[in-house]
Amino acid sequence: MSRSARDLAAESGATGLLTWDERYVELCADLAGELGLPYCDSEAIRTCKDKARLRALLAEHEGLGVRFAVAHDLAAAVRAAEAIGYPIVLKPRGLGGSAGVVRVSDPAEIAGAFLAAAGARIGATVSSYDGVLIEEYLEGPEYSVDSITVAGVTTPLVVAEKVVGLAPYFEELGHIVPPRPTAGLDGALAQVSRVHRLVGLDRVVTHTEFRLTPRGPRLIELNSRLGGDLIPYLGLLALGVDVSRAAAEAAMGEPPQIHAAVSGAAAVRFFYPTTDIAIQEVRLRRPDADYPGLVSFQSVVEPGQELRLPPREYLSRLAFAVVTGSDQEECAARLDAVEADLIVSGRALSVEP
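A brief report on the enclosed structure follows. Given the structure is predicted, the values throughout are model-derived calculations rather than measurements.

## A word on the overall build of the chain
Secondary structure summary: the chain contains 10 helices and 17 strands in total. On the principal axes, the C-alpha backbone points of the chain span a range of 55 × 55 × 55 Å. Burial status across the chain gives 51% buried among its 353 residues. Summarising the internal contacts of the chain: among those between residues at least 6 apart in sequence, 67% fall at separations of at least 24. When the accessible surface of the chain is split by element, carbon and sulfur atoms take 53% of a total near 15,800 Å². Placing the 33 positive and 47 negative side-chain charges of the chain at their respective mean positions leaves the two points 2 Å apart.

Spelled out as structure tokens, the structure:
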């Protein structure tokens, strides 16, 4: 008989528990609580996991709320959209990677968007919560911040500027650290700290996404884990900040040792196909060493693998590149050079209507 996660944790003599995986953050918090280890409160973790629950909490506080509703069928979604006003965004209540997140500009689009959000999955993973979250569209540039909270004090570690695409979906095409200097960022980070206190987060590293809207900063989501898409790695390359180590120290109840040494900028870009495709090969035209500032280029597909674009599949990535540079503009130029030499061969797949 296989042993449970609780038995394994208890037998290991662990002094802390930590997970990088969104699917297991609740389990990790529950186990830490049972074993008396220094981890974040389970209810705070659940508030982060359920996007509707988080929206309801923020709606109680001035300057944090957005118009939203939860719909369990198309008729309810139509009513919610009319009440909120277009444009709106539909998304699963509990799923990462922007899977199933769709912008809707008019009533003719809502049926397809509702089906996409309700049926979204990443591999075999589906939303942990029933219903589709419907909320007002937040206009403005999007950012993320990986923070650490210890003894009720939230400290931003790595702020990244986000690039999204494949509209009306919100596939994450890239991130850059640090972001370009922008009015409103300091106020947004102060708001992020406020939200952490309201949710009750402590002894944890978090990944928060927000937009700078004409009405001020507005939170998109709050995750009780490190950021994905290599964002912590970008922080290490550009700032010398080790978010992973800080997360481990927080999980053990130790004061984090943050050593920042700004050395420039770092960025990642994810490459997508232009159509649904069965892959034969993905590579660069020249050796990696020929591209200035290229830290890493990796194909993430195998020969014969089929990729389909949203809403048929999400995170349908061919490859990614990580670069460093003196600033954001140099990083962008270096990524452009890599993308210009990207060679993709394969067989186009028919797209069902």
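## A look at the state of the cysteines
Between two cysteines, a covalent bond joining their sulfur atoms is known as a disulfide. Scanning the entire structure with this criterion turns up zero disulfides. Of all cysteine sulfurs in the structure, the one in Cys-40 sits closest to Cys-48, which takes part in no disulfide; the separation is 7.1 Å.

## Thoughts on the environment of Leu-309
Mapping Leu-309 onto the fold places it in the loop between strand S15 (306–307) and strand S16 (319–325). Once the C-alpha coordinates of Leu-309 and Ser-350 are considered, the two residues, 41 residues apart in sequence, prove to be 12 Å apart. With residues near it in sequence (within four places) discarded, Leu-309 still touches Leu-166, Tyr-272, Pro-273, Thr-274, Thr-275, Asp-276 and Ser-316.

## A word on the pattern of salt bridges
Throughout the structure, instances matching the rule amount to 30 salt bridges. The partner of Asp-21 in a salt bridge is Arg-23, and the shortest N-O contact between them spans 2.7 Å. Taking the shortest distance from any N to any O, the salt bridge between Lys-51 and Glu-221 comes out at 3.9 Å. With a gap of 170 residues between them, Lys-51 in helix H4 (residues 51–58) and Glu-221 in strand S11 (residues 216–223) connect regions that are remote in the sequence. The residues Lys-51 and Glu-221 share a single accessibility class, namely buried. In the salt-bridge network here, residues are joined through shared partners; they are Glu-26, Asp-30, Glu-43, Arg-46 and Arg-53.

Scoring rules and cut-offs
- Residues numbered from 1 in each chain as written.
- Predicted model: local features only at pLDDT ≥ 70, side-chain atom pairs only at ≥ 80, totals over all residues.
- Heavy atoms only, no water.
- Helix = DSSP H or I, 4+ residues; strand = E, 2+ residues; numbered from the N terminus.
- Buried < 20%, exposed > 50% of the residue type's maximum accessible area, 1.4 Å probe, protein only.
- Contact = heavy atoms within 4.5 Å.
- Areas by Shrake-Rupley, 256 points an atom, 1.4 Å probe, with all protein chains shown as cover.
- Lys, Arg positive; Asp, Glu negative; His and termini not counted.
- Charge placed at Lys NZ, Arg CZ, Asp CG, Glu CD.
- Disulfide = S-S within 2.5 Å.
- Salt bridge = Lys/Arg side-chain N within 4 Å of Asp/Glu carboxyl O.

Function cannot be read off these values alone, since they describe shape.
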